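Structure at a glance
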Amino acid sequence: MDTLTSSQGEQELSADTILELLANRRRRYLLYALRGQEHPIELSTLAEQVAGWEHDVPPEEVAKNEYKSVYVSSVQCHVPKLADAGVVDHDEENHTVVLASNFTQLEPYLRVVIKDEPENSMLHAALEQESGEGLLGQIRENVARLKH
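How each quantity is defined
Residues numbered from 1 in each chain as written. Predicted model: local features only at pLDDT ≥ 70, side-chain atom pairs only at ≥ 80, totals over all residues. Heavy atoms only, no water. Helix = DSSP H or I, 4+ residues; strand = E, 2+ residues; numbered from the N terminus. Contact = heavy atoms within 4.5 Å. Axes fitted to C-alpha atoms, helices over the stretch in contact; angles between N-to-C directions. Parallel < 35°, antiparallel > 145°, perpendicular 65-115°, else oblique. Nonpolar A, V, L, I, M, F, W, Y, C, P; charged D, E, K, R; others polar. Left-handed = near helix turned anticlockwise from the far one by under 90°.

Along the chain, Arg 28 turns up in helix H2 (residues 25-34). Leaving out residues up to four positions away in the same chain, Arg 28 has contacts with Leu 22, Ala 23, Leu 110, Val 113 and Glu 117.

Take the packing of H2 against helix H4 (residues 64-84) next. The contact between H2 and H4 brings their axes to 10 Å, and the two run at 85 degrees. By the criterion of interaxial angle, the relationship of H2 to H4 is roughly perpendicular. Together, Arg 26, Arg 27, Leu 30 and Leu 31 of H2 and Ser 69, Val 70, Ser 73, Ser 74, Cys 77, His 78, Val 79, Lys 81 and Leu 82 of H4 make up the contact between the two elements. Grouping the constituent residues of the contact of H2 with H4 by class yields six nonpolar, four polar and three charged.

Orientation of H2 relative to helix H5 (residues 103-113), taken along the N-to-C sense of each, is 110 degrees, at an axis distance of 11 Å. By the angle between their directions, the pair H2 and H5 is classed as roughly perpendicular. The two elements H2 and H5 meet at a crossing, and its hand is left-handed. Between H2 and H5, the residues in contact are Arg 28, Leu 31 and Tyr 32 and Phe 103, Leu 106, Leu 110 and Val 113, respectively. When grouped by side-chain class, the residues that make up the contact of H2 with H5 number six nonpolar, no polar and one charged.

No statement about biological role is implied by the geometric values presented.
Quick look at the structure:
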């Protein structure tokens, strides 16, 4: 039986909620890792990816204590906060997460905060490869257009 939990259904997120959700780098990294994924992903896999980005190493090279820190904080804090806002659905029995309907409200803001991520990092490279044209390239073009 599916036990995906999302405390809020399709509901308008307030500006305060959006800012609070994106204020934490680890939560942003979780969202980056979930973008474009159609099927639920195990929290352990997400934690490895996020820890890798945080320490700028491939996921398979993440130290056990670094992985554990990300996993525990994700389970206890970040995933529940995202689920409460309806941004992710969390299957507590299978320990999986997938983006939910309210993520579409966060995505435009997530595209803005990407600019603050380290440019010479594995995360930056992953975000560049995410789309054919490169998500960061698109953001730079949009910013350049706004300046003119």
